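Residues per chain, in single letters:
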Amino acid sequence: MYKHILLPTDGSELSHKAVLHGIQLAKVHNAKVTGLSVILQSLTPRGLGDSMVGDKLHSDNAEMFLAFVSEEAKKAGVAFDCFFVSGDSVAEEIVRAAESTGCDLVCMSSHGRMGLRSLLMGSETTKVLHYSKVPVLVVR
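Residues numbered from 1 in each chain as written. Predicted model: local features only at pLDDT ≥ 70, side-chain atom pairs only at ≥ 80, totals over all residues. Heavy atoms only, no water.

Considerations on the nonpolar core
Here is step 1: Within the largest apolar cluster, 18 residues are counted, with the highest numbers of intra-cluster contacts made by I5, L7, V19, I23, A26, V33 and V78.
Here is step 2: Elements represented by at least two residues in this core include exactly strand 1 (4-8), helix 1 (13-29), helix 2 (51-76) and strand 4 (105-109).
Here is step 3: The biggest single contributor to this core is helix 1, with 5 residues.
Here is step 4: Ignoring any residue separated from it by four or fewer positions in sequence, one finds V33 in contact with H4, I5, L7, G22, I23, A26, A73, V78, A79, F80 and D81.
Here is step 5: If you look at the next biggest cluster of nonpolar residues, it comprises 14 residues, including I94, V95, C103 and V136. (Core = buried A, V, L, I, M, F, W, Y, C linked by side-chain atoms within 4.5 Å. Buried < 20%, exposed > 50% of the residue type's maximum accessible area, 1.4 Å probe, protein only. Helix = DSSP H or I, 4+ residues; strand = E, 2+ residues; numbered from the N terminus. Contact = heavy atoms within 4.5 Å.)

The following block contains the structure:
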(Lines give C-alpha, C1' and ligand atoms only; values in the text may rest on other atoms or scores of the structure.)
Protein backbone atom coordinates (compact mmCIF):
# COMPACT_ATOMS: atom_id res chain seq x y z
CA MET A 1 0.00 0.00 0.00
CA TYR A 2 2.64 2.56 1.01
CA LYS A 3 6.05 2.65 -0.63
CA HIS A 4 7.63 5.83 0.78
CA ILE A 5 6.68 7.58 4.03
CA LEU A 6 7.79 11.10 4.98
CA LEU A 7 8.53 11.55 8.69
CA PRO A 8 8.79 15.24 9.63
CA THR A 9 10.40 15.71 13.03
CA ASP A 10 10.99 18.61 15.41
CA GLY A 11 12.70 16.46 18.03
CA SER A 12 9.76 16.56 20.46
CA GLU A 13 8.38 13.51 22.27
CA LEU A 14 5.24 13.62 20.14
CA SER A 15 7.36 13.79 17.02
CA HIS A 16 9.34 10.74 18.19
CA LYS A 17 6.06 8.90 18.67
CA ALA A 18 5.02 9.69 15.08
CA VAL A 19 8.45 8.66 13.76
CA LEU A 20 8.22 5.31 15.53
CA HIS A 21 4.70 4.77 14.23
CA GLY A 22 5.76 5.65 10.69
CA ILE A 23 8.75 3.30 10.84
CA GLN A 24 6.58 0.41 12.03
CA LEU A 25 4.08 1.15 9.26
CA ALA A 26 6.94 1.17 6.74
CA LYS A 27 8.19 -2.15 8.06
CA VAL A 28 4.75 -3.75 7.59
CA HIS A 29 4.51 -2.42 4.03
CA ASN A 30 8.18 -2.95 3.15
CA ALA A 31 8.38 0.78 2.48
CA LYS A 32 11.17 3.34 2.73
CA VAL A 33 11.08 6.31 5.14
CA THR A 34 12.49 9.77 4.74
CA GLY A 35 13.14 11.86 7.84
CA LEU A 36 12.73 15.62 7.46
CA SER A 37 13.57 18.49 9.77
CA VAL A 38 12.63 22.06 8.86
CA ILE A 39 14.70 25.00 10.08
CA LEU A 40 12.63 28.16 10.19
CA GLN A 41 14.54 31.01 8.59
CA SER A 42 12.84 33.42 10.99
CA LEU A 43 14.65 31.68 13.88
CA THR A 44 18.06 32.24 12.33
CA PRO A 45 19.44 35.57 13.59
CA ARG A 46 20.51 38.03 10.91
CA GLY A 47 22.49 41.18 11.39
CA LEU A 48 23.80 40.07 14.78
CA GLY A 49 27.40 39.48 13.87
CA ASP A 50 28.30 36.06 12.57
CA SER A 51 25.06 34.45 11.37
CA MET A 52 27.01 31.27 10.59
CA VAL A 53 27.00 30.49 14.32
CA GLY A 54 23.18 30.52 14.38
CA ASP A 55 23.00 28.53 11.15
CA LYS A 56 25.40 25.92 12.55
CA LEU A 57 23.39 25.62 15.78
CA HIS A 58 20.14 25.05 13.86
CA SER A 59 21.68 22.56 11.46
CA ASP A 60 23.25 20.68 14.39
CA ASN A 61 19.81 20.45 16.04
CA ALA A 62 18.22 19.26 12.79
CA GLU A 63 20.90 16.58 12.40
CA MET A 64 20.31 15.46 15.99
CA PHE A 65 16.55 15.18 15.36
CA LEU A 66 17.21 13.19 12.19
CA ALA A 67 19.68 10.90 13.96
CA PHE A 68 16.72 9.52 15.89
CA VAL A 69 14.98 8.63 12.61
CA SER A 70 18.15 6.98 11.28
CA GLU A 71 18.77 4.96 14.43
CA GLU A 72 15.19 3.71 14.71
CA ALA A 73 14.94 2.86 11.00
CA LYS A 74 18.21 0.89 11.22
CA LYS A 75 16.94 -1.01 14.27
CA ALA A 76 13.72 -1.89 12.42
CA GLY A 77 15.54 -2.85 9.22
CA VAL A 78 13.72 -0.16 7.23
CA ALA A 79 15.36 1.66 4.31
CA PHE A 80 15.72 5.35 5.09
CA ASP A 81 17.01 8.71 4.00
CA CYS A 82 17.12 11.95 6.00
CA PHE A 83 17.58 15.61 5.20
CA PHE A 84 16.82 19.05 6.53
CA VAL A 85 15.71 22.20 4.78
CA SER A 86 15.42 25.84 5.71
CA GLY A 87 12.31 27.85 4.91
CA ASP A 88 9.72 30.38 6.00
CA SER A 89 6.94 27.84 6.61
CA VAL A 90 7.26 24.40 8.17
CA ALA A 91 4.04 23.22 6.51
CA GLU A 92 5.07 24.41 3.06
CA GLU A 93 8.43 22.68 3.35
CA ILE A 94 6.79 19.43 4.45
CA VAL A 95 4.36 19.51 1.52
CA ARG A 96 7.19 20.40 -0.87
CA ALA A 97 9.37 17.58 0.47
CA ALA A 98 6.56 15.04 0.13
CA GLU A 99 6.16 16.00 -3.52
CA SER A 100 9.86 16.23 -4.39
CA THR A 101 10.77 12.89 -2.81
CA GLY A 102 7.78 11.02 -4.18
CA CYS A 103 6.36 10.12 -0.78
CA ASP A 104 2.90 8.57 -0.76
CA LEU A 105 2.21 9.25 2.95
CA VAL A 106 3.18 11.88 5.51
CA CYS A 107 3.19 10.59 9.08
CA MET A 108 3.47 13.40 11.61
CA SER A 109 2.44 14.46 15.08
CA SER A 110 0.13 17.17 16.26
CA HIS A 111 0.71 19.08 19.46
CA GLY A 112 -3.05 19.31 19.92
CA ARG A 113 -3.21 23.03 20.60
CA MET A 114 -6.77 24.25 20.84
CA GLY A 115 -8.65 27.47 21.31
CA LEU A 116 -6.88 30.82 21.35
CA ARG A 117 -3.41 29.23 21.51
CA SER A 118 -4.10 27.37 18.28
CA LEU A 119 -5.43 30.53 16.65
CA LEU A 120 -2.37 32.56 17.65
CA MET A 121 0.28 29.93 16.95
CA GLY A 122 -1.38 28.21 14.03
CA SER A 123 -1.10 24.53 13.43
CA GLU A 124 1.51 23.25 11.02
CA THR A 125 -0.28 19.90 10.97
CA THR A 126 -3.57 21.52 9.96
CA LYS A 127 -1.79 23.40 7.18
CA VAL A 128 -0.14 20.20 5.91
CA LEU A 129 -3.54 18.46 5.98
CA HIS A 130 -5.00 21.31 3.96
CA TYR A 131 -2.28 21.58 1.29
CA SER A 132 -0.86 18.06 0.96
CA LYS A 133 -1.67 16.10 -2.18
CA VAL A 134 -0.77 12.83 -0.44
CA PRO A 135 -2.50 11.31 2.61
CA VAL A 136 -1.43 12.56 6.02
CA LEU A 137 -1.50 10.32 9.08
CA VAL A 138 -1.62 12.34 12.32
CA VAL A 139 -0.25 10.58 15.39
CA ARG A 140 -1.13 11.83 18.87
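Okay, back to it.
Brief notes about the environment of V90
Here is step 1: Mapped onto the elements of the fold, V90 is located in helix 3 (residues 90-101).
Here is step 2: For V90, a relative accessible area of 19% puts it in the buried group.
Here is step 3: Taking the C-alpha atoms as reference, V90 lies 9.4 Å from P8; in sequence the two are 82 residues apart.
Here is step 4: With sequence-adjacent residues up to four places away left out, V90 is seen in contact with V38, L40 and E124.

So, the pattern of salt bridges
Here is step 1: Going through the model one piece at a time under the given rule, you end up with 4 salt bridges.
Here is step 2: Close ionic contact of K133 with E99 constitutes a salt bridge, the shortest N to O distance being 3.7 Å. Pair noted here: K133 is in the loop between helix 5 (124-131) and strand 5 (136-139) and E99 is in helix 3, with a separation of 34 residues, a long-range link. (Salt bridge = Lys/Arg side-chain N within 4 Å of Asp/Glu carboxyl O.)

Re the side chain of S110
Here is step 1: Note on placement: S110 falls in the loop between strand 4 and helix 4 (115-121).
Here is step 2: The buried category is assigned to S110, whose relative accessible area is 12%.
Here is step 3: Residue contacts for S110: discarding those within four places in its chain leaves L14, T125, V138, V139 and R140.

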